Structure formats: structure tokens, C-alpha cells
Amino acid sequence: MINEKTNWNWQVSQFNKRIGEWLEYQVSKWQLPLPKWSSPQWSQISWLKNLLEVLLWLLVGLFAFWMARELWRQFSPYWYSWLGKTSNTTELQKKEELSATHLWERSQDFYRQNNYAEACRYLYLAMLQRLHDQRIVPHKSSRTDGEYLQLVQLELKLSQPYETLITTHEKLCFGDKSISQINYEQCQQAYQEISQS
């Protein structure tokens, strides 16, 4: 059996009753005649009561939607940050499992298959792994190629080979040009300079 105090219809009727009593009290202060809510003419206008009830719930719903939207706007960066930390750590662990040497070997495999774009990409990943291993520029998934290039230029004197690999990677990701064997050979030479320094 449902307790009347927990029944929504009962609570709405109590709320409506209180509003009516409050209005009656406010109007009685000015000695204005107020129509009797229980009179037959008001009981015939039940659609007005239903309309007011719908409007009340609509206002409550709009307020709840607005509040949820504001809360989401305020806390979504923290939520995405938290989600990013959990997924980024597994992603970085997978990247760290692949050593720079292993990434370089994968690059050679793609080169032998004449897939120069993937070969250049793996040279780029090997360069990033070397930077991470040497604690020059640690992995961070949100970094762009431009940010990596700036950090390398700040930290290292010889930044030209890094610039070659990073700009090739940018062309690979965002450019319309295809990567040729010449591009790969330039990247391979740049990576050899990096590994010898």
C-alpha cells in the first residue's frame, strides 16, 4: 500500500491547495473578493487545473534540464580528464612496450613492402619513443606535432632531424601529398642522425 505522503498526485494536490490558500490570504489583505475555488463554476473548469499542473511540471522539467546542462558544462572537463587518464595510461603502456628499436624494425618492414607512409610513421613513433626514453620529452597523447617540435627546439641543440620527421608526419596526417621513397629516405637519414647523437 502506498503511503499518501509519498504519492505524487497527493503531493501535487497539496501543493495546489497551499498555493490557493496563500493567494486567498494575500487577496484578503486588500479586501478584494476572490472567487470560491470550490464553487461549481470552478469545478467545471478542471481543464484549467490540468493545464496548470502540466505547466508546473514543464517548468520543473525545464529547470532540471537547465541545471543538468550547467552541471555538465562545469564538470565535463574533469570527467573527460578523468576518462583520458584511464585510457591514456593504457595507451602509453602499450606504446612503452614497443621500444624504439622495435618501432624502427617495423618501419623497415613497411619499407620493404613499399608502404612508405607507414614506414615514415613508425620512424616518427620511434623518435618519440627515444625522446621519452631519454626523458627529454615524455609521452603525452594531447601533444601536437607543433608542440613536440617546440619542446625539441627548446631542449636540444640539433633539432633539424627531429623537424624532418615531425613535418613529414604532419604531411602524412594532414597533407594531400603522398609519401614517396625519397621522403622515407630523408626520414631514415634523420632518424639515424638522432640515434647517433
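What counts, and where the lines are drawn
Residues numbered from 1 in each chain as written. Predicted model: local features only at pLDDT ≥ 70, side-chain atom pairs only at ≥ 80, totals over all residues. Heavy atoms only, no water. Helix = DSSP H or I, 4+ residues; strand = E, 2+ residues; numbered from the N terminus. Contact = heavy atoms within 4.5 Å. Areas by Shrake-Rupley, 256 points an atom, 1.4 Å probe, with all protein chains shown as cover. pLDDT = per-residue confidence, 0-100. Axes fitted to C-alpha atoms, helices over the stretch in contact; angles between N-to-C directions. Parallel < 35°, antiparallel > 145°, perpendicular 65-115°, else oblique. Left-handed = near helix turned anticlockwise from the far one by under 90°. Nonpolar A, V, L, I, M, F, W, Y, C, P; charged D, E, K, R; others polar. Buried < 20%, exposed > 50% of the residue type's maximum accessible area, 1.4 Å probe, protein only. Expected span 1.5 Å × (residues − 1).

Now for the overall build of the protein. Secondary structure summary: the protein contains eight helices and zero strands in total. Contacts in the protein between residues at least 24 apart in sequence constitute 56% of all its contacts with a sequence separation of at least 6. In the structure as shown, the protein presents an accessible area of about 14,800 Å², 58% of it carried by carbon and sulfur atoms.

Let's shift gears to the confidence of the model for the protein. A residue-level look at the protein finds 76% of positions with pLDDT of 70 or above and a mean pLDDT of 78. With pLDDT under 50 throughout, residues 88-93 is counted as low confidence; its partners more than four residues away or in other chains account for four contacts.

Take the packing of helix α4 (residues 100-112) against helix α8 (residues 181-196) next. Between α4 and α8, the least distance of the axes is 12 Å, while the angle of their chain directions is 160°. With respect to α8, the element α4 is oriented roughly antiparallel. The interaxial crossing formed by α4 with α8 has left-handed handedness. Where α4 abuts α8, its residues A100, W104, S107, Q108 and Y111 lie against Q181, Y184, E185, Q188 and Y191. Across the contact of α4 with α8, the residue classes tally to five nonpolar, four polar and one charged.

If you trace the backbone, S195 turns up in helix α8. Residue S195 is classed as partly exposed on the basis of its relative accessible area of 33%. In the structure, S195 is positioned 65 residues away from R130 in sequence and 8.2 Å away in space, judged by C-alpha atoms.

So, about unusual backbone geometry. We note that N114 has phi near 60°; this positive angle belongs to a residue other than glycine. With respect to the helices and strands, the residue N114 is situated in the loop between α4 and α5 (116-133).

Glancing now at α4. For α4, spanning 13 residues, the distance from its first C-alpha to its last is 19 Å, which sits close to the expected 18 Å at 1.5 Å a residue. Residues of α4 that are buried in the fold lie against α5 and α8. Of the residues one or two after α4, N114 is the one with positive phi, at around 60°.

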